[in-house]
Amino acid sequence: MTTLSLTVNGEPVRAEIDPRLSLADFLRENLALKGTHLGCEHGACGACTVVVDDMPMRSCITLAASCEGVRVTTVEGFDDDPVVTRLRQAFRDEHALQCGYCTPGMLATARDIVLRHDRPDTEQIRAELAGCICRCTGYRGIVRAIARVIETKSQATAAKAGTT
Amino acid sequence: MKAPAFAYLRPVSIAEAVAALAEGAGGARILAGGQSLVPMLNLRVAFAETLVDIGAIADLRAVSDEGETVLIGAGVTHATLEDGASGDHWCGMLAFVARDIAYRAVRNRGTLGGSLCHADPAADWPVAMMALGATVQLAGPDGERALASEDFSVDVFTTALEEDEMLTGIRLPKLSPSARWSYRKMRKKAGAFGEAIAAVVHDPARGFTRVVAGSSAVGGPCRLEALEGAVASGSLAAEATIRAALAEREPDLDRYEMQIHATCLRRAMKEVSS
Ligand SMILES: Cc1cc2nc3c(=O)[nH]c(=O)nc-3n(C[C@H](O)[C@H](O)[C@H](O)COP(=O)(O)OP(=O)(O)OC[C@H]3O[C@@H](n4cnc5c(N)ncnc54)[C@H](O)[C@@H]3O)c2cc1C
Ligand code: FES
Ligand code: FES
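Residues numbered from 1 in each chain as written. Chains lettered and ligands numbered in written order. Predicted model: local features only at pLDDT ≥ 70, side-chain atom pairs only at ≥ 80, totals over all residues. Heavy atoms only, no water.

1. Things to note about the sheet that holds strand β2 (residues 28–31) of chain B
Residues and elements named next belong to chain B. The 3 strands lie next to each other as β1-β3-β2, forming an open sheet whose pairing is parallel. The two strands at the open ends of the sheet, each matched to only one other strand, are β1 (7–9) and β2. Neighbour-to-neighbour, the strand axes of this sheet turn through a mean angle of 25°, independent of strand direction. Relative to strand β3 (residues 50–53), β2 runs parallel, the two being bridged by 4 bridges. Bridging across to β3, Ile30 finds its partner in Val52. Most of the contacts of helix α1 (residues 14–24) go to β2, to which it runs at about 150°, and overall it touches β1, β2 and β3. (Pairing = 2+ DSSP bridges. Helix = DSSP H or I, 4+ residues; strand = E, 2+ residues; numbered from the N terminus. Axes fitted to C-alpha atoms, helices over the stretch in contact; angles between N-to-C directions. Contact = heavy atoms within 4.5 Å.)

2. As for the site of ligand 1
Looking at ligand 1, there are 33 residues lining it, with Ile30, Gly34, Leu37, Thr111 and Asp124 of chain B nearest. Looking at the residues close to ligand 1, they fall on chains A and B. One of the backbone nitrogen or oxygen atoms of Ile30 of chain B is found 2.6 Å away from an oxygen atom of ligand 1. When the free accessible area of ligand 1 is taken as 980 Å², the share hidden by the protein chains comes to 94%. Of all the elements in the fold, those that place two or more residues in the shell around ligand 1 are β2, α6 (112–118) and β10 (166–173) of chain B. With 4 residues, α6 of chain B is the single largest residue contributor to the shell around ligand 1. Looking at the shell around ligand 1 residue by residue, the classes come out as 18 nonpolar, 13 polar and 2 charged. (Near = heavy atom within 4 Å. Polar contact = N/O pair within 3.5 Å; in protein donor to acceptor, adjacent residues only side chain to side chain. Areas by Shrake-Rupley, 256 points an atom, 1.4 Å probe, with all protein chains shown as cover. Nonpolar A, V, L, I, M, F, W, Y, C, P; charged D, E, K, R; others polar.)

3. Section: the side chain of Ser182 of chain B
Residue and element names in this part refer to chain B. Note that Ser182 resides in strand β11 (residues 180–186). On the basis of relative accessible area, Ser182 is assigned to the buried category, the value being 1%. Side chain to side chain, Ser182 and Glu271 meet in a polar contact 2.6 Å long. (Buried < 20%, exposed > 50% of the residue type's maximum accessible area, 1.4 Å probe, protein only.)

4. Re the interface of chain B and chain A
A common way to report how large an interface is uses the accessible area buried once the components associate. Contact with chain B, which involves 27 residues of that partner, is made by 26 residues of chain A. Overall, the association of chain B and chain A removes approximately 2200 Å² of surface from exposure, summing both partners, and the carbon and sulfur fraction of that is 57%. Along the contact surface separating chain B from chain A lie 2 salt bridges. Note that Lys2 of chain B is salt-bridged to Glu41 of chain A, the shortest N-O span being 2.8 Å. (Buried area = accessible area lost by both parts, 1.4 Å probe. Salt bridge = Lys/Arg side-chain N within 4 Å of Asp/Glu carboxyl O.)

Right under this line is the structure:
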């Protein structure tokens, strides 16, 4: 067993864990945060993607023990996140989810796309999303939702630049 | 599937990590980003009695400018190189290669050193590093040693690392501003491993030219010296010459494999010469 202390959704957490425990299993089993979903458990599908120190990471192939001292945000912790708040609305408007299994990972990934890109074209958004598999939607709604949030962000930046 | 139980250590210095490897006597393994090792442990195709997690060793994330070369710490992530956060002395080549490795969530954890040590024959960094003339810096119980990337890369999933050694850094010569490079990869979708890779670097100011191919089909990164003369002289190698160089390295390529490797090489050499 090894001792782990980290911050999850703003709360300090301390636990004794088996070193082979993945971050995904730690979140789901130890903390009962079932919003983090598992699809492939080897890094390929993106369902388990969470935000670690402001970067999206695969919780299925990250050992919980390696997360000493980090800040983890799962889908349960996005309530007050300004980007995810806009993404949630855009996902709703653009029908970017059906069963919702991929959605927690999609939101963590989409948030990162919005934050790192100012004017991506559809091709770039699709390339960035290549690591997130959705079996329901066919992706078009997801791509449109992300594009829409980036557009409002660019408009806000342009408006700000215009006033100075 | 889940990994069988292992012990876990989190050293904060290279010396501690090397000591932990020696103590583990063959049963200890380095854990870097875990982006290859953790899935392999879970699938039970790799085993470890003890994992030595090097994620807390700050020295391994350092990048030092040494004048004509830059020493990149083994723990620098693909994402850091993608963002150019460690400086660009390679005319954008490192960022270009990094951007197309896996997905951002994987690139945020996966490291340059981990990719080289894992030595997946289809991986990107081993090919790119050989094309740039990198040397690797290893640390073991008897001190440090340096190896050219050609000597480090031994075979599929096999490097020159001894059981009690670790990779600490990658020393890369800077490219001259007039240098040209091309990196071509054929793959089924964004983020998937390449089925064929070609990297060409031509730096006439330094008299340096490299042509490297890589993939599972050719058994990992391989320098194709027979093609370097054409690139150095600014001429285009004939298709038959490209195919002969590939066949000499790997006589068993089927027609499809030969086609995609030859096409990547031809395009890369043309891009550098144009
Ligand atoms: C979905 C997915 C897609 C991917 N696609 C690509 C791709 O397109 N191209 C590509 O190149 N890669 C790809 N990868 C692999 C990825 O680049 C890995 O990050 C990389 O291969 C391993 O780096 P790591 O830091 O995660 O190493 P780890 O997984 O931690 O370690 C890998 C191996 O190297 C050893 N090791 C690590 N660091 C050291 C060190 N400093 N000294 C000694 N030994 C060490 C470990 O003991 C282990 O045996 C993909 C991975 C995933 C999950
Ligand atoms: S469950 Fe982690 S990437 Fe598929
Ligand atoms: S909404 Fe069902 S998998 Fe994406």
